[in-house]
Amino acid sequence: MADDSCPSSSGISLNGFSRRRLIATASTLFILPVVPRMAMAGTILAVRTWPADEYTRVTLEMDSELKAEHFTLEGPDRLVVDIQGLTMNRAINDLVSKIRPNDPYIASVRVAQNRPDVIRLVMDLKQPIAPQVFTLKPIGEYKYRLVLDLYPKVAQDPLLAIMGNKDSDPLAQVLEDLAQNAPSEAPIPSVNGQKLPPIAKKPQAPAPPPPSVAQPRDEARPILVALDPGHGGEDPGAIGRNGTREKDIVLNIARRLKKLIDSQPNMRAYLTRDNDYFVPLQVRVQKARRVKADLFISIHADAWIKPSARGSSVFALSQNGATSSAARWMAQRENDADLIGGINLGSHNKQIAQVLLDLSTAAQINDSVRVGDRILSEIGKINTLHKNRVERAGFAVLKAPDIPSILVETAFISNPEEERLLRSPAHQDRIAKAMLSGISDYFATRPALARKA
Ligand SMILES: [Zn+2]
């Protein structure tokens, strides 16, 4: 896939951005006669912040590619970023007010003209960070972006996120043991081309009691379902005619489904994204593998050029070509998420993606189609089906070699009637319940999972 094109993002999904761009253009036109721009100076078009526990991202969108240098200072912890070729304007000053009090990493930001052509940002930090600073070329409706990712020096292990309250969750001890005994070779979420911080070792708890002979560990272990709400942060996904954003709808549905799953006696759900921030496709897969998920479900909402397109679809991975050109188009669109969301692309990206694909086994795909069938038939009871069988295409997010993985397009957000349904909490609940029924059905008929010890 070429990294400078995004066939899908132009017409359908970016109504919101087009509007924003129009406003930006209008205000530029308005200002131009009054304040002539310096020939060489770049202009900040927009500033966005995406605070999350995993990492906080700050995006500066500009009309040209600018050079930035950064360094960190200790006592107190600060991140200093010098951006060359930039003079002060209102958009960059907006950054100060965009830092939210609950940001896990940034306490405050100061912006100043450091030298005639250099803007200096100083971020006062709440904890030591390992920053990633990189630029992105224009894509979709975005112009040049300077991205500041603030990762913690020591990352939180995704396994810890599954553990519920120790006092109220009967499975807490089992999950804690799982975290303690996670093999060192288990994949640790990271992005190609950038070194992410090491995962925190859990503080040593008192020695757990020896496992009971009557109850082997594997049976005590709950079924773990990784739920993957698509898109997030810089990547809104598809956008409906009334402005409904795919990233918000799918997060709501995933949260509802997680609640339902967690209330089952022997099942727990794990969210690969639990807020509005960007998670690279490969990291989503790695997180699911790290927690040794028994099932991976990526949740999305379709868009199509024609508003008449409607209905739910379920996809499994295909290693050799898509089952239809629409399925291929859909996979391409979903795979573009990394480009829109903004990944620090390493040179080995394509190579590693290929290895991942080769590792995917026929067994994984067989199981994926089986669970997909169950979910599709349950969803068919509450919504029109776009296709009444599981479709296949090369979705990057379905490439865990050892976890049955499906992608559910819950409905067409580009269809006004389905957009309305997707916004409705009652319909979101119906989708979540249908998915739970399908999941339960699958595990009931297939209890002996091929778990890697
Ligand atoms: Zn999507």
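Below you will find a few notes about this structure. All of these numbers come straight from a predicted model, not from anything done at the bench. (Residues numbered from 1 in each chain as written. Predicted model: local features only at pLDDT ≥ 70, side-chain atom pairs only at ≥ 80, totals over all residues. Heavy atoms only, no water.)

Next up on the list: the overall build of the protein chain. Within the protein chain one finds 13 helices and 14 strands. Within the span of the protein chain, comprising 453 residues, buried residues form 51% of the whole. Considering only contacts within the protein chain whose residues lie at least 6 apart along the sequence, 76% involve residues at least 24 apart. Accessible area of the protein chain: about 20,600 Å², with a carbon and sulfur share of 55%. (Helix = DSSP H or I, 4+ residues; strand = E, 2+ residues; numbered from the N terminus. Buried < 20%, exposed > 50% of the residue type's maximum accessible area, 1.4 Å probe, protein only. Contact = heavy atoms within 4.5 Å. Areas by Shrake-Rupley, 256 points an atom, 1.4 Å probe, with all protein chains shown as cover.)

Below, the discussion takes up the packing of helix α6 (residues 246-262) against helix α13 (residues 425-445). For any two helices packed against each other, the geometry is given by the interaxial angle and the distance between the axes. Interhelical geometry of α6 versus α13 gives an angle of 50 degrees and a closest axis separation of 9 Å. The orientation of α6 with respect to α13, classified from their angle, is oblique. The crossing of α6 and α13 is right-handed. On α13, the residues that touch Ile-249, Asn-252, Ile-253, Arg-256, Leu-257, Leu-260 and Ile-261 of α6 are Pro-425, Gln-428, Asp-429, Ile-431, Ala-432, Lys-433, Met-435, Leu-436 and Ile-439. Of the residues assigned to the contact of α6 with α13, the class counts are 11 nonpolar, 2 polar and 3 charged. (Axes fitted to C-alpha atoms, helices over the stretch in contact; angles between N-to-C directions. Parallel < 35°, antiparallel > 145°, perpendicular 65-115°, else oblique. Left-handed = near helix turned anticlockwise from the far one by under 90°. Nonpolar A, V, L, I, M, F, W, Y, C, P; charged D, E, K, R; others polar.)

For the rest of this paragraph, the subject is the coordination of the zinc ion. Binding of the zinc ion to the protein goes through His-231 (NE2), Glu-246 (OE), His-300 (ND1), Glu-334 (OE) and Glu-334 (OE), at separations of 2.0 to 2.4 Å. When the donor residues of the zinc ion are listed from N- to C-terminus, their spacing reads H-x14-E-x53-H-x33-E. On the criterion of sequence distance, the pair formed by Glu-246 in helix α6 and Glu-334 in helix α8 (residues 325-335) is long-range, its members being 88 residues apart. Glu-246 sits in the buried class, given a relative accessible area of 0%. (Donors = N, O, S within 2.8 Å, 3.2 Å for Na, K, Ca; no water.)

Quick look at the sheet that holds strand β3 (residues 68-73) now. If you walk across this open sheet you meet the 4 strands as β3-β4-β6-β5, and the pairing is antiparallel. Edge positions in the sheet fall to β3 and β5 (106-115), since each has one partner strand and no second. If you compare each strand with its neighbour and ignore which way they point, the axes differ by 15 degrees on average. Relative to strand β6 (residues 118-125), β5 runs antiparallel, the two being bridged by 8 bridges. The partner of Gln-113 across the bridge, within β6, is Ile-119. In the packing of helix α2 (residues 90-98) onto the sheet, contacts are made with β5 and β6, and the angle to β5 comes to roughly 155 degrees. (Pairing = 2+ DSSP bridges.)

What the 6 strands build is an open sheet, ordered β10-β9-β11-β14-β12-β13; its pairing is mixed. Because the sheet does not close on itself, it has two edges, and the strands there are β10 (267-271) and β13 (391-393). Direction aside, the axes of adjacent strands within the sheet are offset by 30 degrees on average. Packing against the sheet, α6 makes contact with β9 (223-229), β10, β11 (295-302) and β14 (405-412), and its axis sits at approximately 160 degrees to β10.

Quick look at the packing of helix α11 (residues 362-379) against α13 now. At a minimum axis separation of 8 Å, α11 and α13 run at an interaxial angle of 140 degrees. Relative to α13, α11 is oriented oblique. The way α11 lies across α13 gives a crossing that is right-handed. Contacts from Asp-367, Arg-370, Val-371, Arg-374, Ile-375, Glu-378 and Ile-379 of α11 reach α13 at Ala-434, Met-435, Ser-437, Gly-438, Ile-439, Asp-441, Tyr-442 and Thr-445. Looking at the contact of α11 with α13, its residues break down into 7 nonpolar, 3 polar and 5 charged.

If you trace the backbone, Arg-273 turns up in the loop between β10 and α7 (281-290). A polar contact is formed between the side chain of Arg-273 and the backbone oxygen of His-231, at a distance of 2.6 Å. From its side chain, Arg-273 meets the backbone oxygen of Lys-247 in a polar contact 2.9 Å long. Those residues in contact with Arg-273 that sit more than four places away from it in its chain are Pro-229, Gly-230, His-231, Gly-232, Lys-247, Val-250, Leu-251, Val-279 and Arg-284. (Polar contact = N/O pair within 3.5 Å; in protein donor to acceptor, adjacent residues only side chain to side chain.)

Let us now look at the pattern of salt bridges. Applying the stated rule across the entire model yields 23 salt bridges. As a salt-bridge pair, Asp-294 and Arg-221 come within 3.6 Å of each other at their nearest N and O atoms. One end of the pair, Asp-294, is in the loop between α7 and β11; the other, Arg-221, is in the loop between α5 (217-220) and β9, with 73 residues separating them in the sequence. With a shortest N-O distance of 3.2 Å, Arg-374 and Asp-441 are connected by a salt bridge. Residue Arg-374 is located in helix α11, and its partner Asp-441 is located in helix α13; the two are separated by 67 residues in the primary sequence. Classification of Arg-374 as partly exposed rests on a relative accessible area of 26%. (Salt bridge = Lys/Arg side-chain N within 4 Å of Asp/Glu carboxyl O.)

The next thing to look at is the environment of Ala-226. Note on placement: Ala-226 falls in strand β9. The class of Ala-226 is buried, set by a relative accessible area of 0%. Through-space distance from the C-alpha of Ala-226 to that of Arg-268 is 8.7 Å; in sequence the pair is 42 residues apart. Excluding its chain neighbours within four sequence positions, the residues that come into contact with Ala-226 are Tyr-270, Ala-288, Ala-293, Leu-295, Phe-296 and Ile-297.

Before going further, it helps to spend a moment on the side chain of Lys-247. Mapped onto the elements, Lys-247 comes out in helix α6. The exposure class assigned to Lys-247 is buried, which follows from its relative accessible area of 2%.

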